[in-house]
Amino acid sequence: MRTNPRHRMSPLKKIRQYELLDKKKTVTALKAGEDRAILLGLAMIALSMMMYFLLGITMIRSYKDSVWKGESRCSLFNLSIIGDRNCTYSCGTDCLKVSKYPCLRVYVNLSSSGKIMRLSHMEMPDVNTECFYVPKCKKNSTVAQGIIDNISDYFKNHPNFSCFYDPSEKQENVILTRLYGPHVIFHSLFWPSCVLTGGTLIVAMVKLTQYLSMLCERISKIKR
């Protein structure tokens, strides 16, 4: 029985069919990988935008609204414990007990103006206390006493240090540490920027690869 020549397929055609099939499988796999890469890049960009937003409404706003923007040198003028202050600590559910801590008052000489000003540990806009530092309230008040003693010894051994003041001179005190300084803001913005850059590079590289692939395919068709 003779086979119809029309239904015969030459070995060359079979090889071309296999090549086309392999090419389609490769293109499908590459397209799926490219889609996943683009999704990863877009997810990284979206995550960085969320991080920028959260930082903008918390740290950056607090840094911008801070009044202690001037930096100067302070020298210890006087420090003394002016008495004990009461505080409350939790002793269980719906239970509060009273303890105490020593109130350390520190005065410094601000070199930029020559004025004697009271020193506070950190900027706390909503808290107006005459004590340099308010330790966490503990049942045993000797723990707080030990902390205040260590602070006093530190100032006695290091009487000159950097401090921050209000350039408009509306505040009556200077502070030792800013809540959010320039270095903290820089490091906080560094990682979201890295995530944003990485996501943008991933999307850009995928799009560039797709463009070059299409360009090569057009050139190969022209040569044929």
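Computed from a predicted structure; not experimentally measured.

Another point: the state of the cysteines. A full pass over the atoms with the stated rule returns 4 disulfides. The disulfide partner of Cys103 is Cys131, and the S-S distance across this bridge is 1.9 Å. Linking Cys103 and Cys131, the disulfide has an S-S dihedral of approximately -115° and is accordingly described as left-handed. Of the two residues, Cys103 sits in strand E2 (residues 95–110) while Cys131 sits in the loop between strand E3 (116–122) and helix H2 (141–157), which places them 28 residues apart along the sequence. Across this residue pair, the class does not change: Cys103 and Cys131 are buried. The cystine pairing of the protein, numbering bonded cysteines in sequence order, is 1-8, 2-7, 3-4, 5-6.

A few words now on the UniProt feature "transmembrane region" (unreviewed entry) in the protein. As annotated in UniProt, the feature "transmembrane region" (unreviewed entry) corresponds to residues 37–60 and 189–208 in the numbering used here. The span residues 37–60 carries 100% helix and 0% strand; its end-to-end C-alpha distance comes to 32 Å.

Let us look at the pattern of salt bridges. Within this structure, the stated rule accounts for 4 salt bridges. Here Glu130 ties to Arg85 by a salt bridge, and the two come within 2.6 Å at their closest N and O atoms. Here Arg85 lies in strand E1 (residues 70–92) and Glu130 lies in the loop between E3 and H2, a separation of 45 residues in the sequence. With a relative accessible area of 26%, Arg85 lands in the partly exposed category. Glu169 is paired through a salt bridge with Lys115; the nearest N and O atoms lie 3.4 Å apart. Of this pair, Glu169 sits in the loop between strand E4 (160–165) and strand E5 (173–177) while Lys115 sits in the loop between E2 and E3; the two residues are 54 residues apart in sequence, bridging distant segments of the chain. With relative accessibility at 52%, the residue Glu169 sits in the exposed group. Residue class for Lys115 comes out partly exposed when judged on its relative accessible area of 41%.

Attention now moves to the pairing of E3. As paired elements, E2 and E3 share 4 bridges and run antiparallel to each other. Bridging across to E3, Tyr107 finds its partner in Arg118. Direction of pairing for E3 relative to E5: parallel, over a ladder of 4 bridges. Counted as the bridge partner of Ser120 is Ile175 from E5.

What follows is about the side chain of Asn173. By the element assignment, Asn173 lies in strand E5. Take Asn173: its relative accessible area is 11%, and that puts it in the buried class. There is a polar contact of 2.8 Å between the side chain of Asn173 and the side chain of Ser120. Filtering out sequence-adjacent residues up to four positions away, Asn173 remains in contact with Trp68, Met117, Arg118 and Ser120.

Once that is clear, we can look at the confidence of the model for the protein. Overall, the prediction assigns the protein a mean pLDDT of 82, with 83% of residues at 70 or greater. Of all the helices and strands in the protein, helix H1 (residues 11–65) carries the lowest mean pLDDT, 74, while E4 carries the highest, 93.

Rules used throughout
- In this numbering scheme, every chain counts its residues from 1 along its sequence in written order.
- In keeping with the model being predicted, local features are shown solely for residues with a pLDDT of at least 70 and side-chain atom pairs are shown and tallied solely at 80 or more, while totals for entire chains, interfaces and linings include all residues.
- Hydrogen atoms and water are omitted, and side-chain values are computed over all heavy atoms in the structure.
- In what follows, a disulfide is any cysteine sulfur pair within 2.5 Å.
- Here a helix means four or more residues in a row that DSSP labels H or I, a strand means two or more in a row labelled E, and each is numbered from the N terminus.
- Three labels apply to residues, based on accessible area from a 1.4 Å probe with only protein chains included: buried if under 20% of the type maximum, exposed if over 50%, partly exposed otherwise in between.
- UniProt positions are given in the numbering used here, feature names are shortened, and annotations may be inferred rather than shown by experiment.
- Every case where a carboxyl oxygen of Asp or Glu lies within 4 Å of a side-chain nitrogen of Lys or Arg is listed as a salt bridge.
- Pairing between two strands is assigned when DSSP locates at least 2 bridges connecting them.
- Under the rule applied, a polar contact is a pair of N or O atoms within 3.5 Å (in protein, one hydrogen donor and one hydrogen acceptor; residues adjacent in sequence only if both atoms are side-chain atoms).
- Any two residues whose heavy atoms approach within 4.5 Å are treated as being in contact.
- Confidence scores here are pLDDT values: one per residue, from the predictor, ranging 0 to 100.

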